[in-house]
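If you want the building blocks of each chain, they are given just below.
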Amino acid sequence: MLTEAELIQIRRHLHQIPELALHETATHAYLKAVVEQLPATWLTVREPSELPTALLVKVAGSQPQRTIGYRADIDALPVDETASRSFHSTHPGVMHACGHDIHMTVALGLLSYFAENQPQDNLIFFFQPAEESESGGKQAYDLGLFTGAWHIDEFYGLHDNSDLPTGTIGCRLGTLFAGTSEVNVTIHGTSGHAAFPHRANDAVVIAASFITQIQTIVARNIDPTACGVVTFGKMTAGSIRNVIAGEARLEGTIRGLTQDMILFIRQRVREIAAGVAQTYNAQIDVTFNQGGYYPVENDPQLTANFIQYMQRAADVDFQETPPAMTGEDFGYLLNQIPGTMFWLGVDSPGALHAANFNPHEGAIIKGVTAMRGFLTDRMAH
């Protein structure tokens, strides 16, 4: 089994070679090299041509009653790292600012243990590309990677958490992460001279009215005990101060703790757009990007088992955590295959996705220990 010192070195190497979604070639090669150094008695490695940077490793069980999947995402973010350290990213403008280097390392630690200690059930480790964008989990499922001999009965995966103490396992019944949907709005008015506004139809004014009314969706259409978010973070319009803009473009995100909530918000966005368009005698086009992330909805029974184990394990610090409005590609897989996602505390001074994100490496061995114990216990029942 890989030692804690070896795992830390693996994590630091992965941190130096971050790559964006579907371009994780060096990461894939390094993961494969580490796997090839493990005892191969029970291992089968798969490199799917349909999703070239993905890597799957199957550990054959001694008396398999089920196949348990464990997922680790491998891509990075377009963030320019600011933290000063000896293993700084060597790829300018790209950084493991979401901690996927930690995710991969914990998975390799688990895999190294079961490569030497044959599990009772089959295990499949899925090193997944394109979590941050391009919906790599959905791509993998839709391509049939989990069919036939690679069928998975239940799936588990972690996400590091900068706010939890190092090594703490956090989880909850129900929804852990929100689902997301990206929305684009184009407002078509009529441009004109700033001195003659009555001859134009100001797209900026229309956009302002639209954005203001959109805020009533959460404030007045959603039960206060439920959760939903609509944010328009980008607006572009106009070219110069003394010309009325004839067009405005808005880009936003919708988030909800259930897929029904997301669909409801999307419908209200369409309805408000139609009403504003009629009010201002304008045209408003609303489109939603394909994909989006499903809410991460943990399976009730599997998650109850997971929480019960973590609460009673002497070497695990467990906290029940509230839902978060962040999105996660694992939600699609959990929509198709029952399973559980959980937090691993890394006690970072910088937040997830921040340029100064700096997870505590002591979390790695604690994550491996907790999941090794859980998987062993799970296979005994």
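Cut-off values and rules
Residues numbered from 1 in each chain as written. Predicted model: local features only at pLDDT ≥ 70, side-chain atom pairs only at ≥ 80, totals over all residues. Heavy atoms only, no water. Helix = DSSP H or I, 4+ residues; strand = E, 2+ residues; numbered from the N terminus. Rg over C-alpha atoms; globule rule 2.2 N^0.38 Å. Buried < 20%, exposed > 50% of the residue type's maximum accessible area, 1.4 Å probe, protein only. Contact = heavy atoms within 4.5 Å. Areas by Shrake-Rupley, 256 points an atom, 1.4 Å probe, with all protein chains shown as cover. 1 Å grid on protein atoms, 1.4 Å probe; cavity = no way out; pocket = protein on both sides within 12 Å on 5 of 7 lines; lining within 4 Å. Points joined across faces, edges and corners; volume = space filled by probe spheres on them. Nonpolar A, V, L, I, M, F, W, Y, C, P; charged D, E, K, R; others polar. Core = buried A, V, L, I, M, F, W, Y, C linked by side-chain atoms within 4.5 Å. Phe/Tyr/Trp six-rings, centres within 6.5 Å; stacked < 30°, edge-to-face > 60°. Lys NZ or Arg CZ within 6 Å of the ring centre and 35° of its normal. Axes fitted to C-alpha atoms, helices over the stretch in contact; angles between N-to-C directions. Parallel < 35°, antiparallel > 145°, perpendicular 65-115°, else oblique. Left-handed = near helix turned anticlockwise from the far one by under 90°. Polar contact = N/O pair within 3.5 Å; in protein donor to acceptor, adjacent residues only side chain to side chain. Salt bridge = Lys/Arg side-chain N within 4 Å of Asp/Glu carboxyl O.

Caption draft 1: Broad picture of the overall build of the protein chain. Looking only at helices and strands, the protein chain features 9 helices and 16 strands. For 381 residues, the compact-globule estimate of 2.2 N^0.38 gives 21 Å, and the C-alpha radius of gyration of the protein chain, at 23 Å, lies within 12% of that figure. Based on the C-alpha atoms only, the size of the protein chain along its principal axes is roughly 80 × 45 × 40 Å. In the protein chain, which comprises 381 residues, the share counted as buried stands at 54%. Partitioning the intrachain contacts of the protein chain with sequence separation of at least 6 by distance along the chain shows that 81% fall at a separation of at least 24. Per element, the accessible surface of the protein chain, about 16,100 Å² overall, is 49% carbon and sulfur.

Caption draft 2: Region of the structure containing the layout of surface pockets. Approximately 790 Å³ is the volume attributed to the largest pocket. Around the largest pocket, the lining comprises 30 residues; the ones closest to its centre are Glu-132, Thr-180, Arg-255, Tyr-293 and Gly-327. Elements with a contribution of two residues or more to the lining of the largest pocket: strand E5 (154-161), strand E8 (179-188) and strand E12 (247-256). Grouping the amino acids of the lining of the largest pocket by side-chain chemistry returns 7 nonpolar, 16 polar and 7 charged. When its volume is computed, the second largest pocket comes out at roughly 160 Å³. Secondary-structure elements contributing two or more residues to the lining of the second largest pocket are helix H1 (4-16), helix H2 (25-36) and helix H3 (100-116).

Caption draft 3: Examining the nonpolar core more closely. Counting residues in each nonpolar core, the largest one holds 60 residues, and the members touching the most others are Tyr-70, Phe-125, Phe-127, Ile-169, Phe-306, Met-310 and Met-371. Leave out the neighbours within four places in its chain, and Tyr-70 touches Val-106, Ala-107, Leu-110, Ile-124, Phe-125, Phe-126, Phe-155, Tyr-156, Gly-157, Leu-158, Phe-342 and Met-371. Among the nonpolar cores identified, the runner-up in size contains 26 residues, and Phe-232, Met-261, Ile-262 and Ala-282 belong to it.

Caption draft 4: Local environment of the packing of aromatic side chains. For the coordinates displayed, the defined rule picks out 13 aromatic pairs. Seen in terms of ring centroids, Tyr-113 and Phe-114 are 5.0 Å apart; in terms of plane orientation they differ by 85°. Their pairing is edge-to-face. Joined through ring pairs, the aromatic side chains of Tyr-156, Phe-306, Tyr-309, Phe-342 and Phe-374 make up one cluster. In this arrangement the basic side chain of Arg-199 is found over the ring face of Phe-196, its NZ or CZ atom lying 4.8 Å from the centre. In this structure, Arg-266 packs its charged tip against the face of Phe-288, placed 4.2 Å from the ring centre.

Caption draft 5: Just unusual backbone geometry, in detail. Of note, the phi angle at Ala-130 is positive, near 60°, even though the residue is not glycine. One can find Ala-130 in the loop between strand E4 (122-128) and helix H4 (136-142). Notably, Ser-135 is not glycine yet its phi reads approximately 50°, a positive angle. Positionally, Ser-135 belongs in the loop between E4 and H4. The class of Ser-135 is buried, set by a relative accessible area of 12%.

Caption draft 6: Just the packing of helix H7 (residues 300-312) against helix H9 (residues 362-379), in detail. Remark: H7 packs on H9, axes separated minimally by 10 Å, with the N-to-C direction vectors making an angle of 125°. With respect to H9, the element H7 is oriented oblique. The two elements H7 and H9 meet at a crossing, and its hand is right-handed. Facing H7, whose interface residues are Leu-302, Asn-305, Phe-306, Tyr-309, Met-310 and Arg-312, H9 presents Ala-370, Met-371, Gly-373, Phe-374, Asp-377 and Arg-378. Here the contact of H7 with H9 is composed, by residue class, of 7 nonpolar, 2 polar and 3 charged.

Caption draft 7: The arrangement of the side chain of His-100 in detail. Within the element layout of this structure, His-100 appears in helix H3. Within the structure, His-100 has its side chain in polar contact with the side chain of Asp-73 (distance 3.1 Å). Ignoring any residue separated from it by four or fewer positions in sequence, one finds His-100 in contact with Asp-73, Ile-74, Asp-75, Glu-131 and Glu-132.

Caption draft 8: Geometry of the pattern of salt bridges. Tallied over the entire structure, the rule returns 16 salt bridges. Here Arg-71 and Asp-73 are joined by a salt bridge, their closest N and O atoms 3.5 Å apart. Exposure class is identical for Arg-71 and Asp-73. Each is buried. Two residues, Glu-251 and Arg-249, come together in a salt bridge whose shortest N-O distance is 3.6 Å. Assessed through its relative accessible area of 29%, Glu-251 is described here as partly exposed.

Caption draft 9: A look at the environment of Ile-272. Following the sequence through the fold, Ile-272 ends up in helix H6 (residues 259-280). Each C-alpha atom, one on Ile-272 and one on Ile-211, is 9.7 Å from the other, the two residues being 61 residues apart in sequence. Those residues in contact with Ile-272, other than ones at most four positions away along the chain, are Phe-210, Gln-213, Ile-214, Thr-216 and Ile-217.

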